[in-house]
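# Reading the structure
Take a look at the letters that make up each chain.
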Amino acid sequence: MTELKLDPRRTALVLIDLMPRIVALETAPLSGREVLERCVALAKATRSVGGLVVNVRVERPGVDVQPEGSGFAPGAQPEPGDLEIVKRTLGAFGRTGLDLELQTRGIETVALAGIATNFGVESTGRAADDLGYAAVYVADAMTGLDARAHEFAVSTMFPRLGTVCSGTEYVAALSPTT
C-alpha cells in the first residue's frame, strides 16, 4: 500500500449498518461486536481531528414497524456534528440525501467500514466511485456474512475502486504530520 494522507475536513467516515440486529448476525472473518468496537474507535479518532462521521442504518421499505434492533447499536449512535442517513437500499447513496450532504460539506473522500462487506459497504463504495469520491476501505473494520466473500471484496474489488487500509493506517493518515 502507498502512504495514505487524508484531509480530515474533506473526509467522511461512513459507518454502514451498525445496528443491533445486524451486529448480532453470524459474520466472518470478524464478529459484528469486533467490527462495532473498531468502528466506534475510528469514529472517535475522526471526530477528534474535525472529520465528519456518517452513521448509516437500513430500514425495510413498505413496513409500518421496523424489526427490533433497527436503531443504532450502543456506542454507534450519532453524536453532535455527525450525519445520520437512513437507507432503504443496499448502499447509502441510493435514494438518500448523502451525496448532497457530502457535497455541501466539501467532502472529497469517503472512508468505509461496517457490516456487511459485500453488501452495504461494497454497494456504497461503488456508488461513491461513480459519483467521483475517492474511496478508502478500512478492511479490518468490516466483516461479511461469509469470510470468502469478504476476502474477495477486500483483495479483488476494493483495490480497483479505491484504497484499502487498516484502521491504524486510516487514523495515521488523518493525523497531521509534524
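## Considerations on the side chain of threonine 27
Tracing the sequence through the fold places threonine 27 in the loop between α1 (20-23) and α2 (32-48). Exposure remark for threonine 27: the relative accessible area of 14% places this residue in the buried category. A distance of 3.3 Å separates a polar side-chain atom of threonine 27 from the backbone nitrogen of glycine 32. Apart from residues lying up to four places away in sequence, threonine 27 is in contact with Gly32, Ile115, Thr143, Gly144 and Leu145.

## Digging into the packing of aromatic side chains
Throughout the structure, instances matching the rule amount to 2 aromatic pairs. Between phenylalanine 93 and tyrosine 133, the ring centres sit 5.7 Å apart and the planes meet at 25 degrees, which makes this aromatic pair stacked. Placement of the pair is phenylalanine 93 in the loop between β3 (83-87) and α3 (98-104) and tyrosine 133 in the loop between α4 (117-130) and β5 (134-143), with a sequence separation of 40 residues. Side by side, phenylalanine 93 and tyrosine 133 carry an identical accessibility label, which is buried. Between the aromatic rings of tyrosine 137 and phenylalanine 158, the centroid separation amounts to 3.9 Å while the plane-to-plane angle is 10 degrees, which identifies the pairing as stacked. Taken together, the positions of tyrosine 137 in strand β5 and phenylalanine 158 in helix α5 (residues 147-161) put the pair 21 residues apart, joining distant regions of the chain. Judged by its relative accessible area of 0%, phenylalanine 158 is buried.

Reading the values: the criteria
- Residues numbered from 1 in each chain as written.
- Predicted model: local features only at pLDDT ≥ 70, side-chain atom pairs only at ≥ 80, totals over all residues.
- Heavy atoms only, no water.
- Helix = DSSP H or I, 4+ residues; strand = E, 2+ residues; numbered from the N terminus.
- Buried < 20%, exposed > 50% of the residue type's maximum accessible area, 1.4 Å probe, protein only.
- Polar contact = N/O pair within 3.5 Å; in protein donor to acceptor, adjacent residues only side chain to side chain.
- Contact = heavy atoms within 4.5 Å.
- Phe/Tyr/Trp six-rings, centres within 6.5 Å; stacked < 30°, edge-to-face > 60°.

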